[in-house]
Amino acid sequence: MAVAQLKAVNIVGSIEVLDDVVIACGSSGVFQVDDASNFYSENKSFVPLVYKNPYTELLSKLDEALIFSSISVKQVDTRGFTATDSEMSEYIDFICDKLKELTGEKNDCLVAIEECKSNIESTGHFLGYNLEMNKISACKYIKTNFGRLPIDGYKKLSMYEDNPYVMFIPCTSDSTHYWGVYISPVEHSSTVDRIFAGLYFEPFEIPGLEGTPEEYYKHLNEKLKALEVRYKTCCEKERTFISDNYNKIQTVHSKVYELNTYFQIKSYALNHNGSFILAGWIPSENEEMFKKCIAPIEGVDCTFSDASDNRRLTPPVMLKNSRFFRPFEFYVDMYGLPDYNEIDPTPFVAITYSLLFGIMFGDLGQGIILSLVGLFMYHKMGMKLGR
């Protein structure tokens, strides 16, 4: 129940093996990188390493495809996964292209369904005319305009009773509008259009309407049923593809995410004449394990020193508590970690916090509810507060 003791790690070697060192440090799971210039501030011959992370673009591309297809993945163990970078890149290209195709096809269906529903609704307002629209649109001397007129606008039509060319024929109505058509001679259409525009008439263009509204309405409903069947097929194809590939997608994503994170370590390294310096921290208890991770890499020198011996440096703080106190590290971390050589307040926070909640919610029913809420927050929503 204290701040974990750390070791400062200094790794020096040939720049050719830096990638191997980075992967070894990252896969150890205990290495916390630090800016090497803080350790070697007096040595001006070493300069920051400039490089391009080969995994950033791959990860971004895969994440974009997963978000587009509403696929959620978690980090999984990749120690048994041995695919090469080129194999992962090819697989990511395949997954992204296929998801874009399947999701795009599904979304196109949705757009067509919404458009069809809109046309059905609009056409439904003009049922009962039993007029062939292609013949009406072919008229040379009259112009027809289908649409809707606000109730207030419809009432104001009485102001134009003396004008024989202002004629609106309502078909249906709702709480706010009258749906119908107004007809005017072609030579007077511009004047009549201005009048109806002033009454806030909203024209409706129904693409594909050539026969009677009744015929078109029937056609649209048949089309809607076909589109809905097609949409279900698209959804099933997408679900099957995702189900068949989900485990590998998750594994590849985890691997690329790990490698991307590992290679971010390189930005903290220093470079000089073909050599590199990398510095960081590990828990003291993991020194031997870390040595074994680095040992297989030839031409690398790795040294360790106690964090307390590096007075000019600021070691990171790692809290080390028992299983009962560990969840309360959330609050210590939220309000401010102690310095490396200070006392860990987590046990005090755990006891006082539990007593405080016991006083405020000293009821079995309330306690059960709080426990269930915490269980849901932690396991279903991933919130540390739930613990």
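Only a predicted model underlies this, so the values are computations on that prediction, with no experimental measurement involved. (Residues numbered from 1 in each chain as written. Predicted model: local features only at pLDDT ≥ 70, side-chain atom pairs only at ≥ 80, totals over all residues. Heavy atoms only, no water.)

Draft legend 1. Local environment of the packing of aromatic side chains. Scanning the entire structure with this criterion turns up 18 aromatic pairs. Here the aromatic rings of Phe196 and Phe201 are separated by 5.9 Å at their centres, their planes lie at 75°, and the arrangement is edge-to-face. The residues Phe196 and Phe201 share a single accessibility class, namely buried. Through successive ring pairs, a cluster of aromatic residues spans Phe324, Phe325, Phe328, Phe330, Tyr331, Tyr353 and Phe357. In this structure, Lys248 is placed above the aromatic ring of Tyr91, and the distance from its NZ or CZ to the ring centre is 4.3 Å. (Phe/Tyr/Trp six-rings, centres within 6.5 Å; stacked < 30°, edge-to-face > 60°. Buried < 20%, exposed > 50% of the residue type's maximum accessible area, 1.4 Å probe, protein only. Lys NZ or Arg CZ within 6 Å of the ring centre and 35° of its normal.)

Draft legend 2. Examining the nonpolar core more closely. The biggest cluster of nonpolar side chains holds 45 residues, and the ones touching the most others in it are Ile11, Cys25, Phe31, Leu278 and Phe290. Filtering out sequence-adjacent residues up to four positions away, Phe31 remains in contact with Val9, Cys25, Ile265, Leu278, Ala279, Gly280, Trp281, Ile282 and Phe290. Ala36, Ile277, Ala279 and Trp281 belong to the second largest nonpolar core, which has eleven residues in total. (Core = buried A, V, L, I, M, F, W, Y, C linked by side-chain atoms within 4.5 Å. Contact = heavy atoms within 4.5 Å.)

Draft legend 3. Local environment of a positive patch on the surface. On the surface, Arg323, Arg326, Lys384 and Arg387 cluster together into a patch of positive charge. Here Arg326 falls in the partly exposed class, since its relative accessible area comes to 37%. (Patch = residues over 30% accessible without salt bridge, like charges linked within 9 Å, V, L, I, M, F, W, Y side chains within 5 Å. Areas by Shrake-Rupley, 256 points an atom, 1.4 Å probe, with all protein chains shown as cover. Salt bridge = Lys/Arg side-chain N within 4 Å of Asp/Glu carboxyl O. Lys, Arg positive; Asp, Glu negative; His and termini not counted. Charge placed at Lys NZ, Arg CZ, Asp CG, Glu CD.)

Draft legend 4. Highlighting the sheet that holds strand 5 (residues 142–150). Reading across from one edge, 6-7-5-8 is the order of the four strands in this open sheet, with antiparallel pairing throughout. Edge strands, defined here as strands with exactly one partner in the open sheet, are strand 6 (168–173) and strand 8 (202–203). Of the pairings in the sheet, the one linking strand 5 to strand 8 comprises two bridges and is antiparallel in character. Pairing of Gly147 across the sheet is with Pro203, part of strand 8. Strand contacts of helix 7 (residues 189–198): strand 5, strand 6 and strand 7 (177–185), with the helix running at about 160° to strand 7, the strand carrying the most contacts. (Pairing = 2+ DSSP bridges. Helix = DSSP H or I, 4+ residues; strand = E, 2+ residues; numbered from the N terminus. Axes fitted to C-alpha atoms, helices over the stretch in contact; angles between N-to-C directions.)

Draft legend 5. A look at the pattern of salt bridges. All told, the structure shown has 13 salt bridges when counted by the stated rule. Put simply, Glu238 and Lys106 hold a salt bridge, and the shortest N to O gap is 3.0 Å. Taken as a pair, Glu238 in helix 8 (residues 213–263) and Lys106 in helix 4 (residues 85–124) lie far apart in primary sequence, 132 residues in all. A salt bridge links Lys291 to Glu287, with the shortest nitrogen-to-oxygen separation between them at 3.4 Å. One end of the pair is Lys291 and the other is Glu287, both in helix 9 (residues 287–294) and four residues apart, which spans about a single turn. A cluster of three or more residues bridged by salt bridges with shared partners is formed by Lys7, Glu287, Glu288, Lys291 and Asp306.

Draft legend 6. Local environment of the packing of helix 4 against helix 8. Where helix 4 contacts helix 8, the two axes come as close as 7 Å, and the packing angle between them is 160°. Here helix 4 lies roughly antiparallel to helix 8, going by the angle between them. Helix-helix and strand crossings are classified by hand; for helix 4 and helix 8 the assignment is left-handed. Classifying every residue of the contact of helix 4 with helix 8 by side-chain character gives 28 nonpolar, six polar and twelve charged. (Parallel < 35°, antiparallel > 145°, perpendicular 65-115°, else oblique. Left-handed = near helix turned anticlockwise from the far one by under 90°. Nonpolar A, V, L, I, M, F, W, Y, C, P; charged D, E, K, R; others polar.)

Draft legend 7. Seen up close, the pairing of strand 6. Inspection of the sheet shows strand 6 paired to strand 7 by five bridges, in the antiparallel sense. Within the sheet, the bridge partner assigned to Pro170 lies in strand 7 and is Gly180. Linking strand 6 to strand 7, which pair antiparallel, is a turn of three residues.

Draft legend 8. Local environment of the pairing of strand 2 (residues 6–14). Across the nine residues of strand 2, seven count as buried, placing the element largely inside the fold. Where strand 2 and strand 10 (residues 275–283) come together, nine bridges link them in antiparallel fashion. Following the sheet pairing, Ser14 is matched in strand 10 by Ser275. Note: strand 2 against strand 11 (residues 300–306), seven bridges, orientation antiparallel. Considered in strand 11, the bridge of Ile11 is made with Cys302.

Draft legend 9. Seen up close, helix 9. Three or more residues of helix 9 are buried, namely Glu287, Phe290 and Ile294. Taken around the axis of helix 9, the buried residues stretch over an arc of 65°, which confines them to a single face. Here the buried face of helix 9 lies against strand 2, helix 1 (18–28), strand 10 and strand 11. (Arc of directions from axis to C-beta.)

Draft legend 10. Local environment of unusual backbone geometry. A positive phi angle is found at Ser70, which is not glycine, with a value near 55°. The residue Ser70 is located in the loop between helix 3 (56–68) and helix 4 in this model.

Draft legend 11. How the structure looks around helix 7. Residues Ser189, Val192, Ile195 and Phe196 constitute the buried set of helix 7. Here the buried residues of helix 7 occupy an arc of 125° about the axis, which is enough to place them on one side. Turned more than 90 degrees away from the buried face of helix 7, the exposed residues are Arg194 and Gly198. Tucked into the core, helix 7 has its buried residues touching strand 5, strand 6 and strand 7.

So yeah, pure geometry; function would need other evidence.
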